[in-house]
Amino acid sequence: MTDLDTRVARPHAPLLRRAAPALLGYAAVRALGLLVLVVWSAARGKSAHTLLTARWDSLWYTRVAELGYGYQVRLPNGDVHSNLAFFPLLPWLERLGHAVTPLSYADAGFVVSLLASLAAAAGIFAVADRVYGPRVGVCAVLLWAVLPVGVVQSMAYSESLFTALAAWALYAVLTGRWLSAGTLAALAGLTRPVGMAVVAAVWTAAVVSFVRERGTRHTPGAHHDEHTPDAHSATHASTPGAHAHTHAPGTGAHSHTHAPAPAPGALVSQGAPAPAPGASVIPRAPLWRRALAMLIAPLGAAGYVLWVGHRTGTGPLGYLDVQAGWRNGFDGGYAFARFVGDKFTSFPSALAGLGLVIGVALLIWLYVTGVRGRQPVALLVYTGVVLALALCASSYFGSKPRLLMPAFPVLLPLAGALARLRVPRSALVVAGLAVAAAVYGAFWLNGSGPP
């Protein structure tokens, strides 16, 4: 057996074992954030536990878990805030946790979020590892952990639960596990309205696979190998600068080749890591599995929306009326643009406006970088829908940072850049960001917080 054969044939460590460094790093970042929050809150005479479990949306989820749906608040201006706006999976899990443990509904929600955040970190690693390799996977998880609003990942909110379901659904798509992908997409649809992003990713990937398979079948001389090497095998075999030794049986001849280095101006130099060869190739699966996944994926979101319409007696689009009571809607970004524009009418609010413009521009640039870097179509569709729903919604603008949190694939170009640094330097960058995120999170929750 040749050296190359040995490298390709060697079994890989189990996924969770490869993810261990990422999970340990993630846990350390979150522990730092919680420690700073406890100290900061105590200094201000507040309870960190209350901030994490019994404020803002946490109270609405807990009320659904304890009393069910039907509660609403009518504001002086006539707006009606109904708890039907909150999707049911997190309250169901809170109710289950309360039923099988001594925990209160609020504490059960906190535990669910902590466990879901670890599952989300593992899912983010799995996706990034599949496409770009383990080092980028670790960096992607750490960057998600040190987001300025990363403290929300430890709150009794649904962001961590949704991100976990979305990440593992995307991984299931990338690895050809279609029934798992459809089921996880349905559960994501029971968690947040943005679950439609996961459904769109599953549907698009399935349709693309149908088209490619049909094109291959009708291309003369085309051959599709059902046993496509996975991303890691391809990475080992095709790492730039690696040596490939082959031996021609019966001739005694050896060939020695070098994988070409990236050309100037290649994707790596643009800030996007180059996908591992074969990483975007989804293993073949029977047509019925892909079709069934497409049928299952929307059941969660569609089922809840239709149930709300039936409950309110307003028809299939009744959920939109519920959201309108919260002044939530989709206006293509007009309200958000006006909000940003108003910041430039005075000083120092103009600095905040400039920061918002820079932040949105950065998100768009990172997404375009992912497109140019040829991320798998499922990731691009998912990220695009999450960004569009968050940036183009007319909801309260202070909530947009946490609404963007599930768009983790947008971090992959930054993760690629961080992975190319030497380990001591990348560790120093992450440590600095972790401290900044912990301080900001404590300041934020003790102030305006995440509405």
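Coordinates for the structure precede this section.
Described in the following lines is the structure provided in the data block. By convention here, each chain's residues receive numbers from 1 onward along its written sequence. At least 70 in pLDDT is required for a residue's local features to be given in this predicted model, at least 80 for side-chain atom pairs to be given and counted, and no such filter applies to totals for whole chains, interfaces and linings, which use all residues. The basis for the side-chain values is all heavy atoms of the structure; hydrogens and waters are excluded.

This part covers the packing of aromatic side chains. Ring pairs shown here join Phe, Tyr and Trp side chains whose ring centres sit within 6.5 Å, with only the six-membered ring taken for Trp; geometry is labelled stacked below 30 degrees between planes, edge-to-face above 60, and tilted in between. Taken as a whole, this structure holds 16 aromatic pairs when the rule is applied. Measuring from centroid to centroid gives 5.6 Å for W168 and Y171, while their planes differ by 85 degrees, and the two rings are edge-to-face. Here W168 and its partner Y171 are both found in helix α8 (residues 159–174), three residues apart, which amounts to about one turn of the helix. Taken together, the aromatic side chains of W60, Y61, Y71, F86 and W326 make up a single cluster linked through ring pairs. Cation over ring: R63 sits above W60, and NZ or CZ is 5.9 Å from the ring centre. Note that K400 overlies the ring of F336, its terminal NZ or CZ placed 5.1 Å from the centroid. Starting at the N terminus, helices and strands are each numbered in turn, a helix being any DSSP run of H or I of at least four residues and a strand any DSSP run of E of at least two. By definition here, charges over rings are those cases where NZ of Lys or CZ of Arg is within 6 Å of the ring centre and within 35 degrees of the ring normal.

Once that is clear, we can look at the packing of helix α2 (residues 15–43) against helix α20 (residues 423–445). Where α2 meets α20, the axes come as close as 8 Å, and the angle between the chain directions of the two elements is 40 degrees. As judged from the angle between their axes, α2 and α20 are oblique. The two elements α2 and α20 meet at a crossing, and its hand is right-handed. In contact with V29, L32, G33, V36, L37 and W40 of α2, α20 contributes A434, V435, A438, V439, A442, F443 and L445. Residues were grouped as follows: Ala, Val, Leu, Ile, Met, Phe, Trp, Tyr, Cys and Pro as nonpolar; Asp, Glu, Lys and Arg as charged; and all remaining residues, including Gly, as polar. Tallied by class, the residues present in the contact of α2 with α20 amount to 12 nonpolar, one polar and no charged. Comment: axis = line fitted to C-alpha atoms, over the contacting stretch for helices; angle = value between 0 and 180 degrees taken between N-to-C directions. When describing relative orientation, an angle under 35 degrees is termed roughly parallel and one over 145 degrees roughly antiparallel, while 65 to 115 degrees is termed roughly perpendicular and anything else oblique. Crossing chirality is assigned from the near helix's rotation relative to the far helix, an anticlockwise turn below a right angle marking it left-handed and a clockwise turn marking it right-handed. Residues count as neighbours in contact if any of their non-hydrogen atoms are within 4.5 Å of one another.

With a 1 Å grid spanning the protein atoms alone, the term cavity applies to any set of points in which a 1.4 Å probe fits but cannot get out, the term pocket to an open set with protein on both sides within 12 Å along at least five of seven lines, and the term lining residue to any residue with an atom within 4 Å of a point. Grid points are joined across faces, edges and corners, and a volume is the space filled by probe spheres set on the points. Per the counting criterion, the structure on display carries two cavities of 30 Å³ or more. Along the walls of the largest cavity sit V29, R30, G33, A145, L147, G150, V151, A434, A437, A438, G441 and A442, which together make up its complete lining. Looking at the lining of the largest cavity, the elements that each hand over two or more residues are α2 and α20. Ranked by the residues each element gives to the lining of the largest cavity, the list is headed by α20, at five residues. Tallied by class, residues from the lining of the largest cavity come to eight nonpolar, three polar and one charged. Considered as a void within the structure, the second largest cavity measures approximately 30 Å³ in volume. As for the second largest cavity, its lining consists of L366, Y367, G370, Q375, L380, T383, P409 and V410. If you list the elements that add at least two residues to the lining of the second largest cavity, you get α16 (349–372) and α17 (377–391). It is α16 that provides the largest number of residues to the lining of the second largest cavity, a total of three residues. Each residue belonging to the lining of the second largest cavity can be placed in one class, and the counts come to five nonpolar, three polar and no charged.

Here we take up the packing of α8 against helix α9 (residues 178–189). Between α8 and α9, the shortest axis-to-axis distance is 8 Å and the interhelical angle comes to 160 degrees. Compared by their axis directions, α8 and α9 come out roughly antiparallel. Seen along the crossing, α8 lies across α9 with a hand that is left-handed. Contacts between α8 and α9 involve F162, L165, W168, A169, A172 and V173 on the former and, on the latter, W178, S180, A181, L184, A185, L187 and A188. Here the contact of α8 with α9 is composed, by residue class, of 12 nonpolar, one polar and no charged.

What follows covers unusual backbone geometry. The omega torsion across F347 and P348 is 15 degrees, close enough to zero to call that bond cis. Tracing the backbone through its elements, the reader meets P348 in the loop between α15 (334–343) and α16. Backbone geometry places W56, a non-glycine residue, at a positive phi of 55 degrees. Residue placement: W56 occurs in the loop between α3 (48–53) and α4 (57–67). In this structure, R327 is a non-glycine residue whose phi angle is positive, near 60 degrees. Positionally, R327 belongs in the loop between α14 (318–325) and α15. Accessibility here uses a 1.4 Å probe with only protein chains present; expressed as a share of the type maximum, an area under 20% marks a residue as buried, one over 50% as exposed, and anything in between as partly exposed. What makes R327 exposed here is its relative accessible area of 53%.

With that settled, consider a nonpolar patch on the surface. Patch construction takes residues with relative accessible area above 30% that form no salt bridge. Like charges are linked within 9 Å, and nonpolar side chains (Val, Leu, Ile, Met, Phe, Trp, Tyr) are linked within 5 Å. Accessible surface is estimated by sampling points in the Shrake-Rupley manner with a 1.4 Å probe; for residues, cover comes only from the protein chains shown. Basic side-chain nitrogens of Lys or Arg form a salt bridge, by our definition, when they fall within 4 Å of a carboxyl oxygen of Asp or Glu. On the surface, L179, W288, L292 and L295 cluster together to form a nonpolar patch covering roughly 390 Å² of accessible area. Tallying contributions element by element places helix α12 (residues 287–296) first for the nonpolar patch, with three residues. Considering the arrangement of structural elements, one finds L295 in helix α12.

Here we come to the pattern of salt bridges. Scanning the model with the defined rule gives seven salt bridges in all. In this structure, R402 engages D57 in a salt bridge whose closest nitrogen and oxygen atoms are separated by 3.1 Å. Note that R402 is positioned in helix α18 (residues 400–403) and D57 in helix α4, a separation of 345 residues in sequence. The burial state of R402 is the same as that of D57; both residues are buried. In this structure, the salt-bridge partner of E159 is R402, at a minimum N-O distance of 2.6 Å. Residue E159 is located in helix α8, and its partner R402 is located in helix α18; the two are separated by 243 residues in the primary sequence. Judged by relative accessible area, which is 6%, R402 ranks as buried.

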